Amino acid sequence: MSQHKEYQGKDPNWCPGCGDFGVLRAMQTAAADLGLARKDTVLVSGIGCSGNITAYFRTYGFHGIHGRALPAATGIKLANPDLTVLVAGGDGDGFGIGLGHFMHAARRNIDVTYIVMDNQVYGLTKGQTSPTTPATMSTKASPMGPMADPVRPLELALAGGATFVAQAFSGDMKQLVALLKEGVRHRGFSLINVQSPCVTYNELNTYAFFREHTYDLAKRGHDAMDLEAAHRVARDAEGVPTGVLYRADRPTMQDHLPRAEGMPGLVASGGDPAAAYAAAADRFHGWADAFRVR
Amino acid sequence: MPKVSAGADAGDAVSGARGIAWMIGGTAGEGLESGGEAFARALAAAGYRPTTQRDFPSRIRGGDTTATVRLTEDGHLCPPSAIDLALAFNATVLPRMDARLRGGSLLLVDEGVEGFVATSGAEVAAFPFSRLAQEAGMPRAKNMVALGASAALLGIPVGVLDAAVAQQFGRKGDEVVARNVAALHAGDAHARAVFGEAPRFRAPAPQDRPAMWLSGNEAASLGALAAGCRFAAAYPITPASDVLEFLTPRLAEVGGVALQMEDEVAALNAVIGAGFAGARALTATSGPGLSLMTEAVGLASSTETPCVILDCQRPGPSTGMPTKHGQEDLWHLVHGGHGEGVRVVLAPTDVRDAFHATAEAFRLSQRFRCPAFVALDSQMSLFKQAVEPVDLEAEAARQGARGPNGSADGADAWDGTVHPYGDAGDAPRRAALPGEAGGIHYANSTEHAPSGFTTEDPKVRVAMVDRRLARMRQIVAEAQAPVVVEGEGDPDVVLLSWGSSVGACREAARRLRDSGRRPRVVAVRLLWPFPREDVRAAVGDEAPVLVVEANAFAQMARLLRSELPVHERVREVLRYDGTPVRSDDVLRAAEAPA
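Residues numbered from 1 in each chain as written. Chains lettered and ligands numbered in written order. Predicted model: local features only at pLDDT ≥ 70, side-chain atom pairs only at ≥ 80, totals over all residues.

Trainee: Looking at this structure, how should I read the overall build of chain B?
Mentor: Secondary structure summary: chain B contains 19 helices and 22 strands in total. By principal-axis analysis of the C-alpha atoms, chain B measures approximately 85 × 60 × 40 Å. In chain B, which comprises 594 residues, the proportion classed as buried is 60%. (Helix = DSSP H or I, 4+ residues; strand = E, 2+ residues; numbered from the N terminus. Buried ≥ 20, exposed ≤ 12 C-beta atoms within 10 Å, placed from the backbone.)

Take a look at the structure:
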């Protein structure tokens, strides 16, 4: 069995005590437990404190642009379905600038695992409100607070059609590792929303807050196959549910794609267009001939 | 530096030996566009060199529509300055058609549509389109009567058009075909009886050579497929939508993937993701979509990820004029976006070249690890042209195969042995692909060292940027045909253009040669990195340089002036009314005193 150290990259430059350390360590442990081959794994990230994680996780990585990690991951997974594709980002990245992409990735049921480090604040730009900032929290840029209710990612994921919806707390390593492993094993779009405290800019959502307010769904008899129950739990305004809210088996976008027997894959075709042409020469002739008028 | 802008239609030689122009108009649903398309296709099959123009109204009034076909000896993409023969089925479309006519034109109006006085000076005559169709037992076959009459008036053997009927109605059975053929021949016979056996206009003689009949969007799509493209993601937008529509079923046949994404931002990011994974991937868009994609173009530059973007240009900022023609994106394609990244911008010169330029965009994008644009425009994207057949196999072979990434198994960027981005002075090389055992690294949108890791070290930064500058010089050196020069000897005028406006220059050059001038056509095919030395050689030292393009800001002319000391010789020839540049525009400027 490989060790989590195999997946350790650069040392993170996150603030000491940042919740993201726990998420990174849990990802490395889950990867080791699952025996993910480093060469066959891609971590895609966006922008923000969370986005730097690609340097810290020693597999292939794609550190893209703000909010666009999921579309890039969609392209990667469809181009090479043999890869295990992980996507990591923050609440601003995924539920602010990237919210539209989040809904559509869920709807497509793209087989990627989306790990959100939700700290309810913009950290890298020094403490502005994020889409999940509580209405009661004021910041330097928003002294009146966000003047809006927070986005509810779990409900959105369910509404979008995600087939694996879970929430975790970065202070609970054991549960987080287990959920990440389940999410990666799940075939389809999986969201693991991780409550990951920002120790620098968020004085409300602290480790102590989450220790007090989280509760484990598994211990409350929650039925993760029950969509209505999942919605009820996702709407909980008092506590912070952790564990698997919802799980379903639905075809992925990959499953809907027509199969073309005997054709080289996308990556092979890209590597040798002449061979790809030869494999489908009759079709190419047909397409060209359709335009031939004399 | 006199500035010569295009004005209204002027007298032209379109109805002379060089070609004729034909237009049909009436109510949408009367088979006008399909009839025009079938007409042109049949003519292409008979060896003529047709081009089509779609004359979309800027506003739909009364559901009127027109279709235009032009026949010239050379078949360049270039609209006629005026229409020779026009056929109209209703009264409301007449003013719009009349605006394209002139003295010497002939306008045939369906019997019963009365009282129209042409202000153009065209001859107007009634013609029994509806009655002859009814007599043929197919009242809807007015368009076929019109095609038959057109054959007689243009000196085209009507038998040539039988194929058009079969093409359009074959699926509906023999009886329908027979009645339509009857309508076609009735129109031909009636026109000869009324107007005489000698054709009123003379189409250029057909030529016995092989031909393809297709649009630029179709040609570009074929070029992409030949170049190994197996992933396409896009968002619908006029006039780019039919690229994805064309590619989707064909990609499915060869195991590729085509996706309609939620927006253009997602489309290009998905394409870049696919490119990072090793697929050859493409998106197609137009103005507003191009603006949205600009963020991701920088991503492709920074991460050195190949991708190809077809920009089917349309005029105007914001929504602009979606169905009209313009070449207003040059500066955006060349400079659009923050920061300084490597990119390739190619502008094909005609429909056939859209095939080659798109394949070349894939080749350059792969070799130099950067985004590559292909600048099409409405005239090239949507209008069809009869062209010499393209060779998909040769284009596939020219792409070359991906070599090894050169890293030992297990080596990665973290152990310091792998530099996915290469070092200064390195030849271009590819990074490892996910799935490869050697060369594991991460692609970084943040400024990075050759290792891929983020850095703000001034020396490393300078080295990385210098490497990008070197790439740009290499692209110019290796690009196929960065500039196309046509015309023998020492020129007395240089017609410099890009994209489909090159068609107007080619046509104008022929007309200038006919009158004893020595024009040279210079088509800038590689817009960026700008092939300065090739263009310097092409424009020579003395002759006036007419820079011809479909925009108002003279985008190519200004780019040219910023690159070469040609200020005193440049004259701008601009058309920005939403229609393509005409050879008249060029001719007028070439004949104007310096």
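Moving on, there is more to tell.
Trainee: How do you make sense of the overall build of chain A when you look at a structure like this?
Mentor: Looking only at helices and strands, chain A features twelve helices and ten strands. At 21 Å, chain A has a C-alpha radius of gyration in line with the 19 Å of a compact globule built from 294 residues. C-alpha atoms of chain A, sized along the principal axes, occupy 75 × 40 × 40 Å. Put simply, chain A has 294 residues, and 52% of those count as buried. Summarising the internal contacts of chain A: among those between residues at least 6 apart in sequence, 69% fall at separations of at least 24. (Rg over C-alpha atoms; globule rule 2.2 N^0.38 Å. Contact = placed C-beta atoms within 7 Å.)

Trainee: Would you explain the environment of Gly-137 of chain B in this entry?
Mentor: Residue and element names in this part refer to chain B. Tracing the backbone shows Gly-137 in the loop between α3 (129-135) and α4 (142-154). Residue Gly-137 is classed as partly exposed on the basis of its 14 C-beta neighbours within 10 Å. It is 8.6 Å that separates the C-alpha atoms of Gly-137 and Asn-180, two residues lying 43 residues apart in sequence.

Trainee: I would appreciate a short explanation of the sheet that holds strand β2 (residues 60-63) of chain A in the present structure.
Mentor: Strand-to-strand pairing in sheets goes through backbone hydrogen bonds, with the strands running parallel or antiparallel. Reading across from one edge, β9(A)-β10(A)-β7(A)-β8(A)-β4(A)-β3(A)-β1(A)-β2(A)-β16(B) is the order of the nine strands in this open sheet, with mixed pairing throughout. Bordering the open sheet on either side are β9 (214-216) of chain A together with β16 (442-444) of chain B, each of which pairs with just one other strand. Neighbouring strand axes in the sheet, compared pairwise and without regard to direction, differ in orientation by 20° on average. With six bridges joining them, strand β7 (residues 164-169) of chain A and strand β8 (residues 190-195) of chain A adopt parallel strand pairing. Within β8 of chain A, the residue paired with Phe-164 of chain A across the bridge is Ser-190 of chain A. Contacts from helix α5 (residues 153-160) of chain A reach β4 (113-118), β7, β8 and β10 (240-247) of chain A, with the element oriented near 165° to β7 of chain A. Relative to β7 of chain A, helix α6 (residues 173-185) of chain A is tilted by about 160°, and along the sheet it contacts β3 (84-90), β4, β7, β8, β9 and β10 of chain A. (Pairing = 2+ DSSP bridges. Axes fitted to C-alpha atoms, helices over the stretch in contact; angles between N-to-C directions.)

Trainee: It is not clear to me how the interface of chain B and chain A should be interpreted in this structure. Could you clarify?
Mentor: How big an interface is tends to be expressed through the accessible area that disappears when the partners come together. Across the contact, 67 residues belong to chain B and 55 residues belong to chain A. Counting residues per element, the side of chain B that touches chain A draws most heavily on helix α9 (residues 264-277) of chain B, at ten residues. Tallied by class, the residues present in the side of chain B that touches chain A amount to 41 nonpolar, 13 polar and 13 charged. As defined by bridge partners, β2 of chain A adjoins β16 of chain B across three bridges and the pair is classed as parallel. Looking at β16 of chain B, one finds that His-63 of chain A is bridged to Asn-444 of chain B. (Nonpolar A, V, L, I, M, F, W, Y, C, P; charged D, E, K, R; others polar.)

Trainee: Would you explain α5 of chain A in this entry?
Mentor: Working note: α-helix, 3.6 residues per turn, so residues spaced by three or four point in the same direction. Residue and element names in this part refer to chain A. Three or more residues of α5 are buried, namely Pro-153, Leu-154, Ala-157 and Leu-158. An end-on view of α5 places all buried positions within 135° of arc, on one side of the element. Just beyond α5, the residue with positive phi is Gly-161, at close to 100°. (Arc of directions from axis to C-beta.)

Trainee: Teacher, can you tell me more about the domain arrangement of chain B here?
Mentor: Residues and elements named next belong to chain B. According to the domain assignment, chain B consists of domain 1 (4-195), domain 2 (213-398), domain 3 (413-478) and domain 4 (483-591). Taking only C-alpha atoms, the centre of domain 2 and the centre of domain 3 are 25 Å apart. Each partner contributes residues to the interface: domain 2 has 15 residues there, and domain 3 has 14 residues. Of all the secondary-structure elements, those providing two or more residues to the side of domain 2 that touches domain 3 are α9, α10 (287-303) and α12 (351-368). Residue classes in the side of domain 2 that touches domain 3 are distributed as seven nonpolar, five polar and three charged. (Domains from an automatic or database assignment.)

Trainee: What should I look at first to understand helix α6 (residues 174-195) of chain B in this one?
Mentor: Residue and element names in this part refer to chain B. Spanning 22 residues, α6 covers 31 Å between terminal C-alpha atoms, matching the ideal 32 Å at 1.5 Å per step. Of all the residues in α6, the buried ones are Arg-179, Asn-180, Val-181, Ala-182, Ala-183, Leu-184, His-185, Ala-186, Gly-187, Asp-188 and Ala-191. In this fold, the buried residues of α6 make contact with α3, α4 and α5 (162-169). Directly beyond the C-terminal end of α6, a positive phi value near 95° is found at Gly-196. (Expected span 1.5 Å × (residues − 1).)

Trainee: What should I look at first to understand the domain arrangement of chain A in this one?
Mentor: Its domain assignment divides chain A into domain 1 (4-253) and domain 2 (258-289). Centre-to-centre, using C-alpha coordinates, domain 1 of chain A lies 38 Å away from domain 2 of chain A.

Trainee: Just checking my understanding: could you explain the sheet that holds strand β10 (residues 257-260) of chain B for this structure?
Mentor: Residue and element names in this part refer to chain B. With respect to topology, seven strands assemble into an open sheet ordered β10-β9-β11-β12-β14-β13-β20, the strand pairing being mixed. A single partner strand is all that each edge strand has here, and the edge strands are β10 and β20 (526-528). With direction set aside, neighbouring strand axes in the sheet form an average angle of 20°. Pairing of strand β11 (residues 280-285) with strand β12 (residues 307-313) involves four bridges; the strand directions are parallel. The residue of β12 that forms the bridge with Ala-284 is Leu-310.

Trainee: Help me out: how do you make sense of the packing of helix α16 (residues 501-514) of chain B against helix α19 (residues 583-591) of chain B in this one?
Mentor: Any two packed helices are characterised by how steeply their axes cross, that is the angle between the axes, and by the distance between the axes. All names here are of chain B. The interhelical angle for the contact between α16 and α19, taken along N-to-C directions, is 55°, at an axis separation of 8 Å. Considered as vectors, α16 and α19 are oriented oblique to each other. With respect to the hand of their crossing, α16 and α19 are arranged in right-handed fashion. Note on element contacts: α19 touches α16 through Ser-583, Asp-585, Val-586, Leu-587 and Ala-590, opposite Ala-504, Cys-505, Glu-507, Ala-508, Arg-511 and Leu-512. Split into classes, the residues belonging to the contact of α16 with α19 amount to seven nonpolar, one polar and three charged. (Parallel < 35°, antiparallel > 145°, perpendicular 65-115°, else oblique. Left-handed = near helix turned anticlockwise from the far one by under 90°.)

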